[in-house]
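# Examining the three-dimensional arrangement
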Amino acid sequence: MSERWLETNMYCPACSSNHLSAHSNNTTVRDFFCPKCDEQFQLKCMKRLGGKVTDGAYQNMITAVLSGGAPNFLFLNYAQDFSVANLLLVPGFFFSESIIEKRKPLSNTARRAGWVGCNILVRGLAEEGRIKIVDSGAPVHKNTVREEWKRIGFMKEIKPAEKGWINDI
């Protein structure tokens, strides 16, 4: 339901495209892309956005962060009636190793024994890298969102090894 909502209502914050397209199911570390500028996005939905968000495979995410290829994350918080309460964008260039927490491997009795997932430590994300798209049920104008993206876009050009230090301070 949330993915369909995003595909119908979301635009690209990085360019003038007024929609995002869905990747095929099970695409590693990505859910959506912009057909115009090819920015990549991953959607995480939750009833309440807390200090950490469960994500996929740890090694895939660390590899993406260290190579400068982390997707842009969309954190969707929904209300009791399943309407969109908040939608927060965190550009992938704001991610560093320090906000990716390695989870314990799945037990030997699990279907995917030994698999290691990760958590995104939202509380560790720089406030400057949090762009509101929907705030308390009200959409933020797309021009405002795109201006925010442009304001922090210089981070995309910084080498991944240097981003960790910058984001951590």
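Here the structure is shown first, and the text comes after it.
Okay, so let's go over this structure. (Residues numbered from 1 in each chain as written. Predicted model: local features only at pLDDT ≥ 70, side-chain atom pairs only at ≥ 80, totals over all residues. Heavy atoms only, no water.)

### Digging into the side chain of glutamine 40
Following the sequence through the fold, glutamine 40 ends up in strand E3 (residues 40–46). On the accessibility criterion, glutamine 40 (13% relative accessible area) is buried. There is a polar contact of 3.0 Å between the side chain of glutamine 40 and the backbone oxygen of aspartate 38. Filtering out sequence-adjacent residues up to four positions away, glutamine 40 remains in contact with His23, Arg30, Phe32, Phe33, Pro71 and Asn72. (Helix = DSSP H or I, 4+ residues; strand = E, 2+ residues; numbered from the N terminus. Buried < 20%, exposed > 50% of the residue type's maximum accessible area, 1.4 Å probe, protein only. Polar contact = N/O pair within 3.5 Å; in protein donor to acceptor, adjacent residues only side chain to side chain. Contact = heavy atoms within 4.5 Å.)

### Quick word on the nonpolar core
Ranked by internal contacts, the top residues of the largest apolar core, which has 45 residues, are Leu74, Phe75, Leu87, Phe95, Ile100, Ile120 and Ile133. Put simply, the parts of the chain that give this core at least two residues each are E3, helix H2 (58–66), strand E5 (72–78), strand E6 (84–90), strand E8 (117–120), strand E9 (131–135) and helix H3 (142–152). Leave out the neighbours within four places in its chain, and leucine 87 touches Trp5, Leu6, Met10, Leu74, Phe75, Leu76, Ile131, Lys132, Ile133 and Val134. (Core = buried A, V, L, I, M, F, W, Y, C linked by side-chain atoms within 4.5 Å.)

### Comments concerning the sheet that holds E8
Ordered by their spatial adjacency, three strands build an open sheet running E4-E8-E7, and the pairing between neighbours is antiparallel. Lying at the two open borders of the sheet, with one neighbouring strand each, are strand E4 (53–57) and strand E7 (100–102). Across this sheet, the average inter-strand angle for adjacent strands is 35°, counted without regard to direction. With three bridges connecting them, E7 and E8 associate as antiparallel partners. Paired with glutamate 101 across the two strands is asparagine 119, which belongs to E8. (Pairing = 2+ DSSP bridges. Axes fitted to C-alpha atoms, helices over the stretch in contact; angles between N-to-C directions.)

### A word on the sheet that holds E9
Taken in spatial order, the seven strands make up an open sheet running E1-E2-E3-E5-E6-E9-E10, and their pairing is mixed. Each end of this open sheet is capped by a strand with a single partner; those strands are strand E1 (21–22) and strand E10 (138–139). Note: E6 against E9, three bridges, orientation antiparallel. Pairing of leucine 88 across the sheet is with lysine 132, part of E9.

### Structural notes on the state of the cysteines
Counted under the stated rule, the structure contains zero disulfides. Take cysteine 34: it sits in no disulfide, and the sulfur closest to it among the cysteines is that of cysteine 15, at 3.5 Å. Look at cysteine 34 and you get buried, because its relative accessible area is 1%. Looking at cysteine 118, it has no disulfide partner, and the nearest cysteine sulfur is the one in cysteine 45, 16 Å off. (Disulfide = S-S within 2.5 Å.)

### Focus: the packing of aromatic side chains
Following the criterion strictly, the structure yields four aromatic pairs and no others. Relative to phenylalanine 94, the ring of phenylalanine 93 has its centre 5.8 Å away and its plane inclined at 45°; by these criteria the two rings are tilted. On the accessibility criterion, phenylalanine 93 (6% relative accessible area) is buried. The class for phenylalanine 94 is buried, based on a relative accessible area of 6%. Judged by centre distance (5.4 Å) and plane angle (75°), the rings of phenylalanine 93 and tryptophan 149 are edge-to-face. Within this pair, whereas phenylalanine 93 is found in the loop between E6 and E7, its partner tryptophan 149 is found in helix H3, the two being separated by 56 residues in sequence. Of the two residues, phenylalanine 93 and tryptophan 149, both sit in the buried class. Ring pairs connect the aromatic residues Phe73, Phe75 and Phe95, which therefore count as one cluster. For the cation-ring pair, arginine 112 lies above tryptophan 115, with the distance from its terminal atom to the ring centre recorded as 4.5 Å. The side chain of lysine 142 reaches across the aromatic face of tyrosine 11, ending 5.4 Å from its centre. (Phe/Tyr/Trp six-rings, centres within 6.5 Å; stacked < 30°, edge-to-face > 60°. Lys NZ or Arg CZ within 6 Å of the ring centre and 35° of its normal.)

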